[in-house]
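# Working through the structure, step by step
The lines below spell out each chain.
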Amino acid sequence: MELRHLRYFVAAAEEEHFGRAAERLHVTRPAVSKLIADLESELGTPLFERLAHGVKLTDAGQALLPMLQVAISDLNEAFAEAKRVGQGQRGSLSIGYGSLTLLHPLFRIAVKQFRQTYPEVTLSLIEAPSSAQPKALAAGKIQAGFMHFGPRAAVLRRQRSTADLAQDEAMLDWFRIQTCGLGVAVPSDHPLARRHSVALEALAGEQFIVVPGSSRSPAFGLPHDLCQKAGFEPQIVQEVSTVTSQLNLISVGMGIALMPTGRDFVYPASVSVIPLENVTYSTSFIFGWVKGRRSPALDHMIDIVQTLAQKRQRSEAA
């Protein structure tokens, strides 16, 4: 017994005529007659009474019809659902982001556009620092992520790094949203706040607020080596867990921090970010995922983010 036997039976029962059923199914009348006969033979009971100008269901046929109508309706819905998921119209998508990402308008625009365009896809936003996202990607906790990495970040290389990624069994594919410079974030009433740029050496007497471990992770973090090359060891006054906490403490005068500079980042009005002079240290704002592990819903998000990034780059070039 095949699915077409059941479809032919339902069509013939609803039309009460093999000929009209054949037209509805776009097959020949003998094909309908043969499959109905095969079905009756397999069940061991007649399903139709053959009349001069049509057919009529037997008691067995009347018992079978409503159950098959429900089953076929369920099958049609299952096929339609599979198609919607396969086209990225339904399903789920988990995206990682860090607190620094919240300062970039592209993130907000991309999320809003995705939710408006694909309202039946369940979008989950998972907060995680850039240094933790490769592991989360490898474990399947997120499917993609907005990340910020420095020039030596292993995850930005096109080959596996045993130092940073072998333990995660992850190989990232990605594209760059924006390349940023490096600046110093100070309170808006700080003496340096009105400067157009500042030398790193001028920060020797300042107190730094840092995210623990970030200076040694692939994330851009605090470039500890740069401070040492400038002739001083940064004075760490406070350790926090997120960039948001850094900015909040900077705004109340607890200290300063090194931050990426870029025209698209929107920092709080209580904080000023001044570019550093003569520092060749760039950070990359990227969107990444595990290579070879994509879904239709993720493809839609990639298209949205990539289109927005390209639009931003064209605007910047103009």
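Residues numbered from 1 in each chain as written. Predicted model: local features only at pLDDT ≥ 70, side-chain atom pairs only at ≥ 80, totals over all residues. Heavy atoms only, no water.

## Notes on the overall build of the chain
- A tally of helices and strands in the chain yields 9 helices and 12 strands.
- When each of the 318 residues of the chain is scored for burial, the buried share is 46%.
- Across the chain, the fraction of contacts at a sequence separation of at least 24, relative to all contacts at a separation of at least 6, is 73%.
- Counting only carbon and sulfur atoms, one obtains 50% of the accessible surface of the chain, whose full area is about 16300 Å². (Helix = DSSP H or I, 4+ residues; strand = E, 2+ residues; numbered from the N terminus. Buried < 20%, exposed > 50% of the residue type's maximum accessible area, 1.4 Å probe, protein only. Contact = heavy atoms within 4.5 Å. Areas by Shrake-Rupley, 256 points an atom, 1.4 Å probe, with all protein chains shown as cover.)

## Re the pairing of strand 4 (residues 121–127)
- Sheet analysis places strand 3 (residues 91–97) next to strand 4, joined by 7 bridges and oriented parallel. Paired with Ile-95 across the bridge in strand 4 is Leu-125. (Pairing = 2+ DSSP bridges.)

## Quick word on the packing of aromatic side chains
- For the structure shown, the criterion picks out 13 aromatic pairs.
- With centroids separated by 5.4 Å and ring planes inclined at 55 degrees, the aromatic side chains of Phe-9 and Phe-48 adopt a geometry described as tilted. One end of the pair, Phe-9, is in helix 1 (residues 3–15); the other, Phe-48, is in strand 1 (residues 48–51), with 39 residues separating them in the sequence. In terms of burial, Phe-9 and Phe-48 fall into one category: buried.
- Here the aromatic rings of Phe-265 and Tyr-267 are separated by 6.4 Å at their centres, their planes lie at 25 degrees, and the arrangement is stacked. Taken as a pair, Phe-265 and Tyr-267 share a single burial class, namely buried.
- Within the aromatic cluster, the residues linked to one another by ring pairs are Tyr-97, Phe-107, Phe-146, Phe-175, Phe-265, Tyr-267, Phe-285, Phe-287 and Trp-289. (Phe/Tyr/Trp six-rings, centres within 6.5 Å; stacked < 30°, edge-to-face > 60°.)

## Some thoughts on the nonpolar core
- Among the nonpolar cores identified, the biggest contains 26 residues, and Leu-93, Phe-146, Ile-177, Phe-287 and Val-305 are the most heavily contacted of them.
- Elements represented by at least two residues in this core include exactly strand 3, helix 5 (105–117), strand 4, strand 5 (144–149), strand 6 (172–187), strand 12 (283–290) and helix 9 (296–317).
- For this core, the element with the most residues is helix 9, which contributes 8 residues.
- Contact partners of Val-305, with chain neighbours within four places excluded, come to Leu-106, Ala-110, Phe-146, Phe-175, Ile-177 and Phe-287.
- Leu-6, Phe-9, Ala-12 and Ala-21 belong to the second-largest nonpolar core, a separate cluster that totals 21 residues. (Core = buried A, V, L, I, M, F, W, Y, C linked by side-chain atoms within 4.5 Å.)

## So, the environment of Leu-35
- With respect to the helices and strands, Leu-35 occurs in helix 3 (residues 29–43).
- Taking C-alpha positions, Leu-35 is 8.3 Å from Arg-4, a pair spaced 31 residues apart along the chain.
- Excluding anything up to four places from it in sequence, Leu-35 contacts Arg-4, His-5 and Tyr-8.

## Overview of the pattern of salt bridges
- Under the criterion given, the structure shown has 13 salt bridges.
- Where Arg-24 meets Glu-14, a salt bridge forms, and the shortest distance between an N and an O atom there is 2.5 Å. Linking Arg-24 in helix 2 (residues 18–25) with Glu-14 in helix 1, this pair joins segments that are 10 residues apart in sequence.
- On the accessibility criterion, Glu-14 (39% relative accessible area) is partly exposed.
- Bridged by salt links that share partners, the residues Glu-77, Glu-81, Arg-84, Arg-90 and Glu-120 form one connected network. (Salt bridge = Lys/Arg side-chain N within 4 Å of Asp/Glu carboxyl O.)

## Section: the pairing of strand 1
- Of the pairings in the sheet, the one linking strand 1 to strand 2 (residues 54–57) comprises 4 bridges and is antiparallel in character. Among the inter-strand pairings, Arg-50 is bridged to a residue of strand 2, identified as Val-55.
- As consecutive antiparallel partners, strand 1 and strand 2 are separated by 2 residues.

## Observations regarding the side chain of Ser-272
- Summarising the element assignment, Ser-272 is placed in strand 11 (residues 271–277).
- Judged by relative accessible area, which is 17%, Ser-272 ranks as buried.
- Setting aside anything within four residues of it in sequence, one finds Ser-272 in contact with Val-184, Ala-185, Val-186, Ser-188 and Ala-193.

## With respect to the packing of helix 1 against helix 4 (residues 59–86)
- One way to put it is that helix 1 packs onto helix 4 with a least axis distance of 10 Å and a crossing angle of 120 degrees. Put simply, helix 1 runs oblique to helix 4. As for how helix 1 packs across helix 4, the hand of that crossing is left-handed. Seen from helix 1, the contacting residues are Leu-3, Leu-6, Arg-7, Phe-9, Val-10, Ala-13 and Glu-14; seen from helix 4, they are Gly-61, Leu-64, Leu-65, Leu-68, Gln-69, Ile-72, Leu-75, Asn-76 and Phe-79.
- Across the contact of helix 1 with helix 4, the residue classes break down as 11 nonpolar, 3 polar and 2 charged. (Axes fitted to C-alpha atoms, helices over the stretch in contact; angles between N-to-C directions. Parallel < 35°, antiparallel > 145°, perpendicular 65-115°, else oblique. Left-handed = near helix turned anticlockwise from the far one by under 90°. Nonpolar A, V, L, I, M, F, W, Y, C, P; charged D, E, K, R; others polar.)

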